[in-house]
Amino acid sequence: MILIQTWQEASKQAYAIRQTVFIEEQGIPKELELDEFDPIAWHALAFWEDQCIGTGRLVAVNQNAGQIGRMAVLADFRGQGFGKAILIQLIDLAANQGMSTLTLHAQVSAIPFYEKFGFMAQGSIYEEAGIPHRNMILLLPISS
């Protein structure tokens, strides 16, 4: 089950996932994890039984564009389709909001995952929080 929530509703569970995956596993500095976009983003929470096991967010950059970020699934639940379910929910949400373009900053190791959904890598590889990343873009069909 995937729930879409505001930061006020999702913060406790989303941050717990992000702390485990990004801060503890990947060594991202704690002060970089929360940012000014969390309060204005839609947050997707993935549940297995009663446990929150994954998260991601969608930020409206403007009326036509959004940015997906903070995609994370707990290690014990990776490879079981939870990341896919989160991403599909966020893409659908963006389309329902009238967005025509989605971007994201993909960790290089995750590029093949995002390519399966039509995201295309753009530009060169750069470091973000000490981890190699590459920008990706997805053009959404325009609904009538």
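Below is a short write-up of the structure. (Residues numbered from 1 in each chain as written. Predicted model: local features only at pLDDT ≥ 70, side-chain atom pairs only at ≥ 80, totals over all residues. Heavy atoms only, no water.)

**A few points about the sheet that holds strand E5 (residues 101–107)**
Our working rule: Two strands pair if DSSP finds at least two bridges between them. In DSSP terms, a helix is any run of H or I states spanning at least four residues, a strand is any run of E spanning at least two, and both are numbered starting from the N terminus. Every axis corresponds to a line fitted to the C-alpha atoms, with the helix fit spanning only the stretch in contact, and the corresponding angles, defined between N-to-C directions, vary from 0 to 180 degrees. We call two residues in contact when some of their heavy atoms are within 4.5 Å.
The seven strands are arranged E1-E2-E3-E4-E5-E7-E6 in an open sheet whose pairing can be described as mixed. Of all strands in the sheet, those with a lone pairing partner are strand E1 (2–5) and strand E6 (120–128), marking the two edges. On average, each strand axis in the sheet is inclined to that of its neighbour by 25°, with strand direction left out of account. The pairing of E1 with strand E2 (residues 42–48) spans four bridges and is antiparallel. For Ile4, the partnering residue across the bridge sits in E2 and is Ala44. Packing against the sheet, helix H3 (residues 82–96) makes contact with E1, E2, strand E3 (51–60), strand E4 (65–73), E5 and strand E7 (131–139), and its axis sits at approximately 165° to E4.

**So, the side chain of His133**
Inclusion rule: Think of a polar contact as two N or O atoms within 3.5 Å of one another; within protein, one of them needs to be a possible hydrogen donor and the other a possible acceptor, and neighboring residues in sequence only count if both atoms come from side chains.
Structurally, the position occupied by His133 is in strand E7. For His133, the side chain forms a polar contact with the main-chain oxygen of Ile131, separated by 2.7 Å. In contact with His133, other than residues within four places in its own chain, are His105, Ala106, Gln107, Val108, Ser124, Ile125, Tyr126 and Glu128.

**As for the nonpolar core**
Just so we agree on the cut-off: Here, the term nonpolar core denotes a set of buried Ala, Val, Leu, Ile, Met, Phe, Trp, Tyr and Cys residues that are joined through side-chain atoms within 4.5 Å. Relative accessibility under 20% of the residue-type maximum defines a buried residue, over 50% an exposed one, and the middle range a partly exposed one, all with a 1.4 Å probe and only protein chains included.
Among the nonpolar cores identified, the biggest contains 41 residues, and Leu58, Ile68, Ile86, Ile91, Leu102, Tyr114 and Phe119 are the most heavily contacted of them. Mapped onto this core, the elements with two or more residues apiece are helix H1 (7–25), E2, E3, E4, H3, E5, helix H4 (111–115) and E7. It is H1 that provides the largest number of residues to this core, a total of eight residues. Not counting the four nearest positions on each side in its chain, Phe119 is found in contact with Ile68, Leu87, Ile91, Leu102, Leu104, Tyr114, Met136, Ile137 and Leu138.

**Considering H1**
Rule in force here: Helix span, as expected, comes to 1.5 Å for every residue beyond the first. We define the bend at any residue as the angle between the axes fitted to the seven residues before and including it, ending there, and the seven starting there.
The end-to-end C-alpha separation of H1 is 23 Å, well short of the 27 Å expected for 19 residues at 1.5 Å each. At Gln13, H1 is bent by approximately 35°, the largest bend along its length. Buried positions along H1 lie against E1, helix H2 (30–33), E2, E3, E4 and E5. Of the residues trailing H1, Gly27 is marked for its positive phi of about 75°.

**Structural notes on the pairing of E4**
For E4, a buried count of eight out of nine residues is recorded, marking the element as mostly surrounded by other parts of the structure. The pairing of E3 with E4 spans six bridges and is antiparallel. Residue pairing across strands places Gly54 opposite Val73, the latter belonging to E4. Taking the residues between adjacent antiparallel strands as the criterion, E3 and E4 are bridged by four residues. Two strands pair when backbone bridges link them, and E4 and E5 are joined in this way by four bridges, in the parallel orientation.

**Notes on H3**
Given a rise of 1.5 Å per residue, 15 residues ought to cover 21 Å, and the 21 Å separating the end C-alpha atoms of H3 matches this to within 8%. Taken together, the buried positions of H3 are occupied by Phe82, Gly83, Ile86, Leu87, Leu90, Ile91, Leu93 and Ala94. Phi turns positive one or two residues past the end of H3, at Gly98, with a value near 85°.

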